[in-house]
Amino acid sequence: MKNKYLKNIKITRITRLDNKLIIRILSLRNQIEVRKNMINREIIRLKDHINWMKKILNIKNEYIYTIIIKQKVQGVLRITKTSKNKVEWAFYLDKSCQKIYGSFIEYLSIRKMFNFKYINCINCKVFDFNSSVISLHQKFGFEKIGIEKINKDNLISLMLSKKNWTKKIPAI
């Protein structure tokens, strides 16, 4: 996948916290467009946010990345290794970010996860009302594998095997 948009994107693992980054990620997490697609839709307090980030940085199988577009932090990617060969992931982008970047972030993230040693399955969860994200995941080969009720909403579980990804790459 070669495109002018890819040149503008950098995904960088967060290994330490600084105040500017903490505040930027909190502002992203608290955007209405991001929160409405999260399990916890409440405004996140600074103290809780700092504790959440510290926790992720200190857990062996948790990875958090900044998504930098045109040299500005525009999103966050979180990857959790759930077993020897599986990961679960999620990402969100600033509401002002061009929608086209979602596809490129998806591509780069999947490629990054399948480059992890032994990973052959990627899982994610998306609320059923977020049909555009479900559709995006399906275009990359994700398949629906389950539904879970969260309050009044349905949370769709999706899975992408390395085998399906390998088949999709030529079309992408």
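Details of the structure are given in the entry above.
Residues numbered from 1 in each chain as written. Predicted model: local features only at pLDDT ≥ 70, side-chain atom pairs only at ≥ 80, totals over all residues. Heavy atoms only, no water.

Caption draft 1: Region of the structure containing the overall build of the chain. Counting its secondary structure elements, the chain contains seven helices and seven strands. Taken from the N to the C terminus, the helices and strands of the chain come in the order α-β-α-α-α-β-β-β-α-β-α-β-β-α. Whereas a compact globule of 172 residues would reach a radius of gyration of roughly 16 Å, the chain reaches 16 Å, a difference of no more than 12%. Taken along its principal axes, the extent of the C-alpha atoms in the chain is 45 × 40 × 30 Å. In the chain, buried positions account for 44% of the 172 residues. Contacts in the chain between residues at least 24 apart in sequence constitute 60% of all its contacts with a sequence separation of at least 6. Seen as two clouds, the 37 positive and the 12 negative side-chain charges of the chain have centres 8 Å apart. (Helix = DSSP H or I, 4+ residues; strand = E, 2+ residues; numbered from the N terminus. Rg over C-alpha atoms; globule rule 2.2 N^0.38 Å. Buried < 20%, exposed > 50% of the residue type's maximum accessible area, 1.4 Å probe, protein only. Contact = heavy atoms within 4.5 Å. Lys, Arg positive; Asp, Glu negative; His and termini not counted. Charge placed at Lys NZ, Arg CZ, Asp CG, Glu CD.)

Caption draft 2: Up close: the state of the cysteines. Overall, the coordinates contain zero disulfides when judged by the stated rule. For the unlinked cysteine cysteine 97, the closest cysteine sulfur is that of cysteine 124, found at 19 Å. Left without a disulfide partner, cysteine 121 is nearest to the cysteine sulfur of cysteine 124, which lies 10 Å away. (Disulfide = S-S within 2.5 Å.)

Caption draft 3: Region of the structure containing the pairing of strand E4 (residues 86-93). Sheet topology places strand E3 (residues 72-83) next to E4; eight bridges connect them, and they run antiparallel. Bridging across to E4, leucine 77 finds its partner in phenylalanine 91. The hairpin turn running from E3 into E4, its antiparallel successor, is two residues long. Direction of pairing for E4 relative to strand E5 (residues 121-127): parallel, over a ladder of three bridges. Bridging from a neighbouring strand, glutamate 88 pairs with asparagine 123 of E5. Handedness of the crossover joining E4 and E5 through helix H5 (residues 101-114): right-handed. (Pairing = 2+ DSSP bridges. Right-handed = clockwise from strand over helix to strand, strands pointing away.)

Caption draft 4: Inspection of the nonpolar core at higher detail. Among the nonpolar cores identified, the biggest contains 34 residues, and Ile9, Ile79, Trp89, Ile110, Ile122 and Phe142 are the most heavily contacted of them. If one sorts the elements of this core by residue count, H5 sits on top with eight residues. Setting aside residues up to four positions removed in sequence, isoleucine 122 forms contacts with Val87, Trp89, Ile110, Met113, Phe114, Phe142, Leu158, Met159 and Leu160. (Core = buried A, V, L, I, M, F, W, Y, C linked by side-chain atoms within 4.5 Å.)

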